[in-house]
Each structure stands twice: as structure tokens, then as C-alpha cells.
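A structural walkthrough
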Amino acid sequence: HVAGLRDTLRARRDALLAALARELPAGCSWSPVRGGYFVWLRLPPGRDAAALLPQARAAGVRYLPGARFFVGEGGAEQLRLSLSLLPPDALQEGAARLGQVLRAAL
């Protein structure tokens, strides 16, 4: 069972990372995912992930702003994307929608 879950999560991770590389505008970056259920995305300097959340939600994309995970200041330019619940095609579609939102806002 665990091996099957690893294969499923690996496929989801790979689909999301490939779609982010293809769809996001220049200046966005993320770290390779070695395990877990999330991809941490960094926006270009000076951009606030929380401020972009309403446009993302309107496009059908949800994420958690990174500032929620920091004590005190920090994390405003980051956001956390989950890869655990959706199939690869939905993750790819979400990355494309997020890319459209970010290109319009940046």
C-alpha cells in the first residue's frame, strides 16, 4: 500500500513541478520536492502572496500564503501549494491558471 501511495504522490509531484516550470512567469521559483505534500513557491521580490489570493480564487486556484507559516515577519513572497489531493491533470490545470493570474498581476 505504501509503495502505491509513493508512486501516486510522485506522479502528482512530477506533474505539478513540470507544469510550474512551463506555466509560471519569470521571477517565480520553487524548491525541489523530496517528500511531503507541498510545493513552496516564491514570488518575485516585493510581491505579496496574500494580496494575490482573491484573483487566484476567482480563477479556481487555492493556496496558502506563506506568511501564515512564519512567526513574526516573513513569508509574504511565498505560497504553499498542495499536491496530495488532486490528480496530475488537475494539478497541471491549476498551475496553468495560477500562471495566468501571476502574469496578469506581475
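Now for a look at the structure at hand. (Residues numbered from 1 in each chain as written. Predicted model: local features only at pLDDT ≥ 70, side-chain atom pairs only at ≥ 80, totals over all residues. Heavy atoms only, no water.)

1. So, the pattern of salt bridges
Taken as a whole, this structure holds five salt bridges when the rule is applied. Asp7 is the partner of Arg10 in a salt bridge, and the nearest nitrogen-oxygen pair spans 2.9 Å. Linking Arg10 with Asp7, this pair stays in helix α1 (residues 2-23), spanning three residues, or about one helical turn. Of the residues examined, Arg10 reaches a relative accessible area of 39% and is grouped as partly exposed. We note a salt bridge from Arg22 to Glu23, for which the minimum N-O separation is 3.6 Å. (Salt bridge = Lys/Arg side-chain N within 4 Å of Asp/Glu carboxyl O. Helix = DSSP H or I, 4+ residues; strand = E, 2+ residues; numbered from the N terminus. Buried < 20%, exposed > 50% of the residue type's maximum accessible area, 1.4 Å probe, protein only.)

2. Brief notes about the pairing of strand β4 (residues 78-82)
Among the five residues in β4, four count as buried, and that is most of the element. By the bridge criterion, five bridges tie strand β2 (residues 38-42) to β4 in an arrangement that is antiparallel. When the sheet's bridge partners are listed, Arg42 is paired in β4 with Gln78. When strand β3 (residues 64-65) meets β4, the two strands line up antiparallel, connected through two bridges. For Pro65, the partnering residue across the bridge sits in β4 and is Leu79. (Pairing = 2+ DSSP bridges.)

3. Looking at the packing of aromatic side chains
Counted by the stated rule, this structure contains two aromatic pairs. Consider the rings of Tyr37 and Phe38, whose centres lie 6.4 Å apart with planes at 85°: the pair is edge-to-face. Given the relative accessible area of 30%, Phe38 is considered partly exposed. For the pair Trp40 and Phe69, a centre-to-centre distance of 5.2 Å together with 85° between the ring planes defines the contact as edge-to-face. Highlighted residues: Trp40 in strand β2 and Phe69 in the loop between β3 and β4, separated in sequence by 29 residues. The class of Trp40 is partly exposed, set by a relative accessible area of 30%. (Phe/Tyr/Trp six-rings, centres within 6.5 Å; stacked < 30°, edge-to-face > 60°.)

4. Describing helix α2 (residues 49-58)
Of the residues making up α2, those classed as buried are Ala49, Leu52, Leu53 and Ala56. Along the axis of α2, the buried positions cluster into a sector of 135°, meaning they face one direction only. In α2, the exposed positions angled more than 90 degrees off the buried face are occupied by Pro54 and Ala58. In the core, the buried residues of α2 are packed alongside β3, β4 and α3 (88-105). The residue sitting at the N-terminus of α2 and contributing the capping side-chain oxygen is Asp48; that oxygen lies 3.0 Å from the backbone nitrogen of Ala50. Gly60 sits one or two positions beyond α2 and adopts a positive phi of about 85°. (Arc of directions from axis to C-beta. Contact = heavy atoms within 4.5 Å. Polar contact = N/O pair within 3.5 Å; in protein donor to acceptor, adjacent residues only side chain to side chain.)

None of this, on its own, says anything about what the molecule does.
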